[in-house]
Amino acid sequence: MYVAVKGGEKAIANAHKLLAEDRRGCPDVDELQTRQISEQLGLGVSRIMAEGSLYDKDLCALAMKQARGDMIEAIFLIRAYRTTLPRFSYSVPVDTSKMDIDRRISATFKDLPGGQILGPTFDYTHRLIDFTLEADEQVPKANTSEAGLDDDMPRVLDNLLKGEGLIQSEAVVEDEDSQAVGDLTREPLEFPANRDVRLQNLARGDEGFVLALGYSTQRGYARSHAFVGEIRFGKASLVIEPEELGFAIDIGDIELTECETVNQFQGSKTEPPQFTRGYGLAFGQNERKAISMALVDRALRARELGEDIVAAVQDEEFVLSHSDNIQSTGFVEHIKLPHYVDFQSELELVRRMRRDLEEKNISEKQAAE
Amino acid sequence: MTDTLEKNTDGTVDVATRQHWISVLSRSSSNELCAYWEDLSPGLTYSMLRQPETGLVMVRARAGGKGQRFNLGEASVTRCSVSMETGEVGHGYVTGRNKRHAEMAAAFDALLQNENWTARLLENVIAPIDERLQKSKNERQAKVASTKVDFFTMVRGEDE
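The sections below set out a description of the structure shown in this document.

Parameters and conventions
- Residues numbered from 1 in each chain as written.
- Chains lettered and ligands numbered in written order.
- Predicted model: local features only at pLDDT ≥ 70, side-chain atom pairs only at ≥ 80, totals over all residues.
- Heavy atoms only, no water.
- Axes fitted to C-alpha atoms, helices over the stretch in contact; angles between N-to-C directions.
- Helix = DSSP H or I, 4+ residues; strand = E, 2+ residues; numbered from the N terminus.
- Parallel < 35°, antiparallel > 145°, perpendicular 65-115°, else oblique.
- Left-handed = near helix turned anticlockwise from the far one by under 90°.
- Contact = heavy atoms within 4.5 Å.
- Nonpolar A, V, L, I, M, F, W, Y, C, P; charged D, E, K, R; others polar.
- Buried < 20%, exposed > 50% of the residue type's maximum accessible area, 1.4 Å probe, protein only.
- Buried area = accessible area lost by both parts, 1.4 Å probe.
- Salt bridge = Lys/Arg side-chain N within 4 Å of Asp/Glu carboxyl O.

**Here we look at the packing of helix α3 (residues 42-52) of chain A against helix α5 (residues 71-82) of chain A**
Residue and element names in this part refer to chain A.
Thinking step 1. Relative orientation of the contacting elements α3 and α5 amounts to 50 degrees, with a least axis distance of 9 Å. Accordingly, the angle class assigned to the pair α3 and α5 is oblique. Note that α3 runs across α5; the crossing there is right-handed. Residues Gly44, Arg47, Ile48, Glu51 and Gly52 of α3 form the contact with α5, whose participating residues are Met71, Ala74, Ile75, Ile78 and Arg79.
Thinking step 2. Across the contact of α3 with α5, the residue classes tally to five nonpolar, two polar and three charged.

Structural data, given as structure tokens:
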């Protein structure tokens, strides 16, 4: 049993003051502005938005500052903040096929309608430290292309594979509006979990955890040999239907990274051999997360595809129960908080067991003599 | 602009036109809308029907982009509703937490519904903002387009 402690208010207040001073760092150095964070550390902000499960760049930049760059602490702040706000509504599902493309690539098809667009990527960089960034050198201007982008950027898998029936379809049930969509912010996780709940869980799951599980599938634990059918990053319209208006309105853009994988499937009693799909979607520019999520989503479809469940990544109870880094950190880190009474009882127990054992040994010895 | 303005039979503007201006107002900036509002004839007043309020919209997506719906995560959204003395009710919805922006969007939405103002505001406020948004979108697109790539597959052993 956990017994709380009391007292220590003064030391705690002083510790927080010291924290505030250390957060500020050397006063000779300019204080970091949250706008600098949102503009210049954008991928960090993306991660906080994805795992904090709240799209708000300014707020996530502030959380990163307050957390001194500790991402999970920042995500914790965001999760706590969101509980103070009312929920207005659910959006109309975002249409990622219509997004304004910043990046769009396929690893499976070289020639795509709309083309392969690299966009702002670390891919093909040499991973050498760039010392000019330390020296405040002028940033080279991006080039432009008169040709522009095609208006139509069809979804790669649907466009190039679906025609032949080579890939499983993403089914929409007919009376969709009458079906509830699982929401982990409203109902606790229950098993077996449907794909809507699994995708929500993975979208807000810890990047490192999801990455490691995705990697495990590639190394052979529930291998499904994934290819990246398509990755796209860009801005999609957020559309809502306020009751007072009675029609849909587009209220601005949100940045999203989407990944669709193409995976092997041998076929089953009911399905012919075909490619299967994994899906990843994350707020902001978050490619590693989107790819990892797609790998894990595919692995978790084992039940639906009639595959044997042989690896951790296919075990939805294992994956979904441990993906949330706020739950994980809460439980892991709580063991540093005072457990004095708790531990005293353990101590007492071990002492008693040793005493009992000693007494038993003595009495046995005496009996033998 | 006036001659292209679609009207319903009862004289109110049609939904598509209103959807367009609401979208432009939501995507504009707070400062921009405040500046346009100040340029209008002074003494234009509105009363608050619903004070600016920040809340959450749960963003939905679809598995595979087009399949089963799921809840991706929330976005902060600020809304406000106002009414003009002449009776028009305007609603403002903006992403983020800027209350002034939501209030201005609601005020313009209300005023735009007044037929004495509709054409004028569409021409002098909505069109220029829309143009600026389009321009910045095009500029970004031109930069992105410069990264379009053509890969060539090499035949294995080609360089031997």
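Alright, that's what it looks like, and here's the rest.
**Focus: the environment of Thr95 of chain B**
Thinking step 1. By the element assignment, Thr95 of chain B lies in strand β3 (residues 89-95).
Thinking step 2. Classification of Thr95 of chain B as partly exposed rests on a relative accessible area of 30%.
Thinking step 3. C-alpha of Thr95 of chain B to C-alpha of Leu56 of chain B: the two residues are 39 residues apart in sequence and 9.4 Å apart in space.
Thinking step 4. Contacts of Thr95 of chain B, omitting those with residues within four sequence positions, involve Leu238, Ile251 and Gly252 of chain A together with Ser76 and Val77 of chain B.

**Re the interface of chain A and chain B**
Thinking step 1. In this complex, chain A contributes 76 residues to the contact, which on the side of chain B involves 53 residues.
Thinking step 2. With both chains or domains summed, chain A and chain B bury close to 6000 Å², and 60% of this area falls on carbon and sulfur atoms.
Thinking step 3. Remark: the boundary between chain A and chain B carries 12 salt bridges.
Thinking step 4. The partner of Glu176 of chain A in a salt bridge is Arg69 of chain B, with the nearest N and O atoms 3.7 Å apart.

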